[in-house]
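# A structural walkthrough
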Amino acid sequence: MPDFKMEEHSEILEFNYLADQGGNDEIITESASVVHGEPPQDESGPPEVNSEMEVLQEKVRKQIIKEGHGNKPSKYATCFLHYRAWIESSQQKFEDTWHEQQPLELVIGKEKKEMTGLAIGVSNMKSGERALLHVGWELGYGKEGNFSFPNVPPMADIIYEVELIGFDETKEGKARGDMTVEERIGVADRRKMDGNSLFKEEKLEEAMQQYEMAIAYLGDDFMFQLFGKYRDMALAVKNPCHLNMAACLIKLERYDDAIAQCGIVLVEEENNVKALFRRGKARAELGQTDAARDDFLKARKYAPGDKAISRELNLLAEHDKAVYQKQKELYKGLFGPRPDPKPKSKNWLILAWQWLLSLFYRLFKRERQKAD
C-alpha cells in the first residue's frame, strides 16, 4: 500500500509521484495550492457569452467561452467532446453529455446528418476550448425535426455549448470501434501517462483533458463487455485516471467533482485507500467533517501506518476542538446561575421626609385624642 507522503513548504503541499515497474506514473497526494478553474455552467438555458461572434459557415456561428491550445482537428480526426444542446426558440435543453458523464466520440467528416453543424463547429476548435455554437436548422435536425430521442421540433435552430476534450488524428491510430481490447487499453494508458506529465508541469486543465480522453477509450459500454484479466487490465488504467482527475479537481477547488470521481472508483473498489483519502480531503474542504472522518478512518484501516491519513485525522480533531471552544465562549453564561440582584439605592431625603410625616401624624392623632 503506497504511503501518502506530503511535503509542506509554507502553505503549499506538493504532489509526489510513485512509479510502478511498468512506468505508469500515478499521482499519490494532493496539493493545497490554489489554481482557479470553473466547470461549465449548468443552468436551464445557454450561458451568456460576450465574446465576438465568429461566422464559420452561413448557418454556423461560434463564440469562444474558454480558449483552447494547440492545433485544430482535421478531417477524419476522432474527437472527444462534451456538449449541451438547446432549442434556440424555446431555450429547452434536450441533450447533455456532462450530465450523463459520457463524452461523445465524433469523427469529423463521418458524423450523423443531424450533427453536421456541430461537426463544423468542432473542426474549428482547439483542444480544451469551450464555445457556444449557433447552428441553423438546415445543419441540425432539419425540416422534419426528430420525434424520438432527442425530441427536437421541425425547423429548430440549435444552440450548443461544446468543450473539445481532445482528438486523435487518423494517422495516430484507429477509431475506437476498430481497435482490439489491447489496443484500446494501450491508447488509454498512453493518454494517462501524457496526463501525468502535464500534471507535473502544473498544467492541470490539460492534464484532465488527457485523463478524460483515456477514460473515453474505456467507457461503460466497453467495460461492460470485459471479464477476467482484460477487465483487470482496463481498471488498472481507468481507476488511476479517475483518481488523478480527483487530485486535479481538489487543486482547482472543485470539491464536488472530485468527490464524484472518487465515487466512481469506490464502486469498483470499495476499499481503495487513495479514493477514500481524496474523497475525505474534498469532504473536509466542504465542511463535511463527519463524512470526511469516516473516509479517513476507513482508509487508515487498510493503511494503518500512513502518516498523511493520521495528519488529516489530527487536523479534524483540532478543528472540532476549536469549534467547541468557540461555542463554549459564545454560550458562556447563557445557562449559568442567575446573577444576584443589585440592592436598590436609598434616597435619604425621601426617607427623612417620610419619617417626619409619620411623626407629625402621630402628634396630630394624640392631640385629637386629648381634645375628645
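Rules used throughout
- Residues numbered from 1 in each chain as written.
- Predicted model: local features only at pLDDT ≥ 70, side-chain atom pairs only at ≥ 80, totals over all residues.
- Heavy atoms only, no water.
- Core = buried A, V, L, I, M, F, W, Y, C linked by side-chain atoms within 4.5 Å.
- Buried < 20%, exposed > 50% of the residue type's maximum accessible area, 1.4 Å probe, protein only.
- Helix = DSSP H or I, 4+ residues; strand = E, 2+ residues; numbered from the N terminus.
- Contact = heavy atoms within 4.5 Å.
- UniProt positions renumbered as here; feature names shortened; annotations may be inferred.
- Expected span 1.5 Å × (residues − 1).
- Polar contact = N/O pair within 3.5 Å; in protein donor to acceptor, adjacent residues only side chain to side chain.
- Salt bridge = Lys/Arg side-chain N within 4 Å of Asp/Glu carboxyl O.
- pLDDT = per-residue confidence, 0-100.
- Axes fitted to C-alpha atoms, helices over the stretch in contact; angles between N-to-C directions.
- Parallel < 35°, antiparallel > 145°, perpendicular 65-115°, else oblique.
- Left-handed = near helix turned anticlockwise from the far one by under 90°.
- Nonpolar A, V, L, I, M, F, W, Y, C, P; charged D, E, K, R; others polar.

## As for the nonpolar core
Grouped together as the largest cluster of nonpolar side chains are 51 residues, with contacts concentrated most on Tyr211, Leu218, Met223, Cys248, Phe296 and Ile309. Those elements giving two or more residues to this core turn out to be helix H3 (181–200), helix H4 (204–217), helix H5 (220–223), helix H6 (228–251), helix H7 (255–268), helix H8 (273–285), helix H9 (289–302) and helix H10 (307–330). For this core, the leading source of residues is H6, giving 10 residues. Each residue touching Phe296, except ones within four places of it in the same chain, is listed here: Phe277, Gly280, Lys281, Ile309, Glu312, Leu313 and Leu316. Grouped together as the second largest cluster of nonpolar side chains are 28 residues, Val60, Ala77, Leu106 and Ile158 included.

## Thoughts on the UniProt feature "repeat: TPR" (unreviewed entry) in the chain
Those places that UniProt annotates as "repeat: TPR" (unreviewed entry) correspond, in this numbering, to residues 273–306. Taken as a whole, residues 273–306 contains 79% helix and 0% strand, while its terminal C-alpha atoms sit 10 Å from one another.

## Focus on H8
For H8, spanning 13 residues, the distance from its first C-alpha to its last is 18 Å, which sits close to the expected 18 Å at 1.5 Å a residue. Most of H8 is tucked away, with 11 of its 13 residues classed as buried. Within H8, the full set of buried residues consists of Val273, Lys274, Ala275, Leu276, Phe277, Arg278, Arg279, Gly280, Lys281, Ala282 and Arg283. The opening residue of H8 is Asn272, an N-cap whose side-chain oxygen sits 3.1 Å from the backbone nitrogen of Lys274.

## Describing the side chain of His242
Assignment of secondary structure puts His242 in helix H6. A relative accessible area of 4% places His242 in the buried class. Within the local environment of His242, its side chain forms a polar contact with the side chain of Lys238, the two groups lying 3.0 Å apart. Residue contacts for His242: discarding those within four places in its chain leaves Ile215, Gln261, Ile264 and Val265.

## Comments concerning H4
Taking 1.5 Å of rise per residue, 14 residues should cover 20 Å, and H4 covers 20 Å from first to last C-alpha, within 8% of that figure. In terms of burial, H4 is largely enclosed, as 11 of its 14 residues are buried. Where H4 is concerned, the buried positions are Leu204, Ala207, Met208, Gln209, Gln210, Tyr211, Met213, Ala214, Ile215, Ala216 and Tyr217.

## Some thoughts on the pattern of salt bridges
The tally for this structure, following the rule as stated, stands at 20 salt bridges. Across the pair Glu201 and Lys203 runs a salt bridge whose closest N-O atoms are separated by 3.2 Å. For Glu201, a relative accessible area of 48% translates into the label partly exposed. Judged by relative accessible area, Lys203 falls into the partly exposed class, the value being 36%. For Lys281, the salt bridge goes to Glu312, with nearest N and O atoms at 3.4 Å. Taken as a pair, Lys281 in helix H8 and Glu312 in helix H10 lie far apart in primary sequence, 31 residues in all. The exposure class of Glu312 is buried, given its relative accessible area of 8%. Residues joined in a network through salt bridges with shared partners are Lys66, Arg84, Lys93, Asp96, Arg130, Glu161 and Glu163.

## Concerning the confidence of the model for the chain
For the chain, per-residue confidence averages 81 on the pLDDT scale, and 76% of positions sit at 70 or higher. Note that pLDDT drops below 50 for residues 1–39; the model gives that stretch 106 contacts with residues more than four away or on any other chain.

## Re unusual backbone geometry
Backbone geometry follows two general trends: most residues other than glycine have a negative phi, and most peptide bonds adopt the trans configuration. A cis amide bond, omega -5°, links Phe149 with the succeeding residue Pro150. Structurally, Pro150 is set in the loop between strand S10 (130–135) and strand S11 (158–168). We note that Gln91 has phi near 60°; this positive angle belongs to a residue other than glycine. In this structure, Glu253 takes a positive phi of about 60° despite not being glycine.

## So, the packing of H6 against H7
Where H6 meets H7, the closest approach of the two axes is 8 Å, and the angle between their N-to-C directions is 160°. Between H6 and H7, the interaxial angle falls into the category roughly antiparallel. Pair H6 / H7 crosses with left-handed handedness. When H6 is examined against H7, the residues Arg231, Leu235, Lys238, Asn239, His242, Leu243, Met245, Ala246, Leu249 and Ile250 are found in contact with a partner set consisting of Tyr255, Asp257, Ala258, Gln261, Cys262, Ile264, Val265 and Glu268. For the contact of H6 with H7, a count of residues per class yields 11 nonpolar, 3 polar and 4 charged.

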